[in-house]
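Now for the letters of each chain:
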Amino acid sequence: MRYDVITLFPELFGPFMSHGINRRAFASGLVDVRLWNPRDFAEGNYRRVDDRPFGGGPGMVMQAEPLYRCWQAIRADRAEAVPAPTVLFSPLGERLSHPLVAAQAEGPGAILLCGRYEGIDQRFIDACVDRQWSLGDFVLSGGELAALALLDAVARLQPGVLNDEGSHQQDSFSPVLDGLLDCPHYTRPEVWSGPQGEAPVPEVLLSGHHGHIEAWRREQRLLTTAQWRPDLLAAARARGDLSRLDERFLQGHAP
Ligand code: SAH
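What this report covers is the structure whose coordinates are included nearby. (Residues numbered from 1 in each chain as written. Predicted model: local features only at pLDDT ≥ 70, side-chain atom pairs only at ≥ 80, totals over all residues. Heavy atoms only, no water.)

**Looking at unusual backbone geometry**
Most peptide bonds are trans, and most residues other than glycine sit at a negative phi.
Here is step 1: For the bond from R188 to P189, the omega torsion is 5°, close enough to zero to count as cis.
Here is step 2: Mapped onto the secondary structure, P189 falls in the loop between α6 (144-156) and β8 (191-194).
Here is step 3: Phi is positive for R47, which is not a glycine, with a value near 45°.
Here is step 4: Relative to the helices and strands, R47 resides in the loop between β2 (32-36) and β3 (50-51).
Here is step 5: Positive phi outside glycine occurs at F173, with the angle close to 75°. (Helix = DSSP H or I, 4+ residues; strand = E, 2+ residues; numbered from the N terminus.)

**Observations concerning a nonpolar patch on the surface**
Here is step 1: A surface patch of nonpolar side chains, about 340 Å² in accessible area, is lined by L135, F138, L140 and L145.
Here is step 2: Along the polypeptide, L145 turns up in helix α6.
Here is step 3: Under the relative-accessibility criterion, L145 is labelled exposed at 54%. (Patch = residues over 30% accessible without salt bridge, like charges linked within 9 Å, V, L, I, M, F, W, Y side chains within 5 Å. Areas by Shrake-Rupley, 256 points an atom, 1.4 Å probe, with all protein chains shown as cover. Salt bridge = Lys/Arg side-chain N within 4 Å of Asp/Glu carboxyl O. Buried < 20%, exposed > 50% of the residue type's maximum accessible area, 1.4 Å probe, protein only.)

**Comments concerning the pattern of salt bridges**
Here is step 1: Going through the model one piece at a time under the given rule, you end up with 19 salt bridges.
Here is step 2: D77 is the salt-bridge partner of R34, the closest N and O atoms lying 3.6 Å from each other. With R34 in strand β2 and D77 in helix α3 (residues 64-78), the pair connects residues that are 43 residues apart, well separated along the chain.
Here is step 3: For R237, the salt bridge goes to E247, with nearest N and O atoms at 2.9 Å. Here E247 lies in helix α9 (residues 244-252) and R237 lies in helix α8 (residues 230-238), a separation of ten residues in the sequence.
Here is step 4: Using a relative accessible area of 40% as the deciding quantity, one classes R237 as partly exposed.
Here is step 5: By relative accessible area, E247 is classed as partly exposed at 22%.

Given below as structure tokens:
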């Protein structure tokens, strides 16, 4: 898949894409990310990309024309019969979520537009933007963090990117585990001397009994989801994803 990112700060992306487990996905081109700076498409000595808002008010607005030229260049370069969508990151957009990321992870990619300043001239949005996505109900100073969040989440879903093939299927929201949250994790030492005294790991995890461990993990997923995201538990129930055993366990552990 290919993502073309329109950003005034392309240098923010490099360090992120060259570290950690996802590095391979980006380096191999499995997730092919190309960075475009609208400033390279602006005219004049100052290569201006922003101007003051009509009607007055604070801040600056990104101008339509440099964005449009940049976008046209990307479209020509992608040369797709069916153009991939152009996505603007914006607080008004659809909230990023696992289903959205999972769909992207299997798609052709997109043109991602990162706003800055007060935002973007609405005429460009009306003419060229197909979708708008938000990182959450708060305001960032630019769309880059939202773009990076998306690229990171998409990259780790690519086959072979996580060391253990299929390990993302054990993660929170995974449909393989009925959209529940992840269970707690423990590692060595077996007993940790913490601020509250000796803290052992749950004994079942040391038992070596695969069936018991899996049953315990299922229970922990159910409990965690009931506690933190009852809406996800309700959704799993509505889909018919909870077994009779699950329900009996939950009843015995009603808060
Ligand atoms: N005036 C706008 C905020 C502009 S912030 C408003 O009040 O809604 C500058 C840019 O940051 C935006 O154009 C957008 O691309 C990005 N941005 C800000 N908050 C965001 C969020 N929650 N999710 C995704 N992108 C966001």
